[in-house]
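These are the residues of each chain, in order.
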Amino acid sequence: MTAAVRVAALVLADGSVFEGELIGADPPNGIAGGEVVFNTVLSGYQEVITDPSYAGQIITFTYPHIGNYGVNDHDFESIRPFCRGVIVREMARRHSNQRAQDSLDAMLRRFGVSGIAGIDTRRLTRHIRDAGAMPGAFGTADEAAIAAAAAAEPGTDGIDLVSMVTCDSPYTVAFTGPDGRTPKRVVAYDLGIKTTILRHLSGIATVEVVPAGTPASEVLARQPDGVFLSNGPGDPAAVAGVPQSIEGLLGTVPVFGICLGHQILGLALGGRTYKLKFGHHGGNHPVKDLTTGRVEITAQNHGFAVDVDSLKGKGELTHLNLNDRTVEGLRVKGQKTFSVQYHPEASPGPHDARYLFRRFVEMMEK
């Protein structure tokens, strides 16, 4: 028997209205709200939805068919989704893949995540590109109530979302690299760390994951060969205390940061960050490595960027986004410290930038 259609509407903070039908879980009081962004990946919807970097946001998928290969336990990037909801053009009625263990709709229901399907995602994406990422709300309540909820949404500016996704206490991920090889010891700051990152790091090191608020003194007491700054959600300037902790590590131990970790490093160097109009969310961003001249296709997920001029020479530009010329990588002169704005671990891909983990190892070995 076909399930009854649950008519729903999406309303943006500027009053734009999109009609569709509810998928996933029923939202509390019939409304789900958050900052509406779009992601251009062609596959990997499960990894995107379970990436903690989307805390506080509603994800619009530009690819029209979502859910066609189902979901499985291996592809979770965190213990649960932290996003506020999903928006799709069409949710697959059936999933088909040998790795599938359940449907995407069932996963959304299991974790209490709501979504809306049947949306004209091309129109919505063009609107966000023109007007910028903005708060919104969707659900089965009346349109006036949804509009009021959208207007009341604060977005992600000035909000510490890292505190909502970081671990409560330290834990260790065992070395999984080749037999006979002595692993490095890496302390990883959990700003919203992804499971795939831990898989890559554990291939080179025993990884000690610590909460975002861990001071530099406690990290150094663990005598690490290197420190890793993870990805994470929201406004880096709102993550109180973490840039100061990282500042206490610089010049003492090798440091490698990605995504939010890259932005936090910029703040630790005394720089500034700013919000991008609609962010970088997708798996097809061209980035030029200025140290080698190579161009990489990269996976990205962030709404903020580092103002390289504000670093006043403390950080050197190493990677450049070829779409909008924003900063994609930095290194610190005279220190074993570097960072990139994108995701070198990129599950399911692309994998052009995985060499950065080898670069981290080489830095620790020197």
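Provided above is the structure to which this section pertains.
Calculation notes
Residues numbered from 1 in each chain as written. Predicted model: local features only at pLDDT ≥ 70, side-chain atom pairs only at ≥ 80, totals over all residues. Heavy atoms only, no water. Helix = DSSP H or I, 4+ residues; strand = E, 2+ residues; numbered from the N terminus. Buried < 20%, exposed > 50% of the residue type's maximum accessible area, 1.4 Å probe, protein only. Pairing = 2+ DSSP bridges. Axes fitted to C-alpha atoms, helices over the stretch in contact; angles between N-to-C directions. Contact = heavy atoms within 4.5 Å. Polar contact = N/O pair within 3.5 Å; in protein donor to acceptor, adjacent residues only side chain to side chain. Salt bridge = Lys/Arg side-chain N within 4 Å of Asp/Glu carboxyl O. Phe/Tyr/Trp six-rings, centres within 6.5 Å; stacked < 30°, edge-to-face > 60°.

(A) Here's a closer look at the environment of Lys 366. Positionally, Lys 366 belongs in the segment after α10 (355–365). You can call Lys 366 exposed: its relative accessible area is 74%. In this structure the C-alpha to C-alpha distance between Lys 366 and Pro 254, which are 112 residues apart in sequence, comes to 10.0 Å.

(B) Representation of the sheet that holds strand β19 (residues 337–340) in the model. Read from one edge to the other, the open sheet built from 10 strands follows the order β10-β12-β11-β13-β14-β19-β18-β17-β15-β16, with strand pairing classed as mixed. The strands lining the two open edges of the sheet, one partner per strand, are β10 (171–173) and β16 (295–307). Adjacent strand axes in the sheet meet at a mean angle of 20 degrees, parallel and antiparallel pairs treated alike. Strand direction decides the pairing type here: strand β18 (residues 327–332) and β19, joined by 3 bridges, are antiparallel. Residue pairing in the sheet places Arg 331 in a bridge with Phe 338 of β19. Together, β13 (226–229), β14 (255–258), β15 (272–289), β16, β18 and β19 form the strand contacts of helix α9 (residues 260–268), whose direction differs from that of β16 by roughly 50 degrees.

(C) Geometry of the pairing of strand β9 (residues 134–139). Of all 6 residues that make up β9, 6 are buried, and the element is covered over most of its length. Taken together, the 4 bridges between strand β1 (residues 7–12) and β9 define a ladder with antiparallel strand orientation. Paired with Val 11 across the two strands is Ala 137, which belongs to β9. Here strand β3 (residues 31–39) runs beside β9; their pairing, made up of 6 bridges, is antiparallel. Across the sheet, the residue bridging to Ile 31 is Gly 139, located in β9.

(D) Representation of the sheet that holds strand β8 (residues 114–117) in the model. Spatial strand order, β1-β2-β8-β6-β4-β3-β9: 7 strands in a closed barrel with mixed pairing. Ignoring which end each strand starts from, the neighbouring axes of this sheet average 35 degrees apart. Examined bridge by bridge, strand β6 (residues 85–87) and β8 share 2 bridges and lie parallel to one another. Counterpart to Ile 87 in the pairing with β8 is Ile 116.

(E) Examining the side chain of His 343 more closely. Positionally, His 343 belongs in the loop between β19 and α10. On the basis of relative accessible area, His 343 is assigned to the buried category, the value being 4%. There is a polar contact of 2.8 Å between the side chain of His 343 and the side chain of Glu 345. Beyond its immediate chain neighbours, meaning those up to four positions away, His 343 contacts Lys 194, Asn 231, Ile 258, Cys 259, Ala 299, Gln 300 and Asn 301.

(F) Representation of the pattern of salt bridges within the structure. For the structure on display, the rule yields 12 salt bridges. As a salt-bridge pair, Lys 275 and Glu 35 come within 2.4 Å of each other at their nearest N and O atoms. In this pair, Lys 275 sits in strand β15 while Glu 35 sits in strand β3, placing the two residues 240 residues apart along the sequence. On the accessibility criterion, Glu 35 (3% relative accessible area) is buried. Here Glu 345 ties to Lys 194 by a salt bridge, and the two come within 2.9 Å at their closest N and O atoms. Residue Glu 345 is located in the loop between β19 and α10, and its partner Lys 194 is located in the loop between β11 (184–190) and α6 (195–202); the two are separated by 151 residues in the primary sequence. For Lys 194, a relative accessible area of 6% gives the class buried. One continuous salt-bridge network, built from bridges that share partners, spans Glu 35, Asp 157 and Lys 275.

(G) View of the packing of aromatic side chains. Applying the stated rule across the entire model yields 7 aromatic pairs. The interplanar angle of 75 degrees and the centroid separation of 5.4 Å between the aromatic rings of Phe 228 and Phe 256 together place this pair among those described as edge-to-face. Here Phe 228, found in strand β13, pairs with Phe 256, found in strand β14; they are 28 residues apart in sequence, far enough to count as distant. Here the aromatic cluster, defined as three or more aromatic residues joined through ring pairs, consists of Phe 228, Phe 256, Phe 338, Phe 357 and Phe 360.

(H) Molecular detail of the pairing of β13. Along β13, one buried face is formed by Gly 226 and Phe 228 and the opposite face, lined by Val 227 and Leu 229, is buried too. Looking at chain direction, β11 and β13 are connected through 4 bridges and run parallel. Residue pairing across strands places Val 186 opposite Gly 226, the latter belonging to β13. Bridge count for β13 against β14 is 3 bridges, and the pairing is parallel. Residue pairing across strands places Phe 228 opposite Phe 256, the latter belonging to β14.

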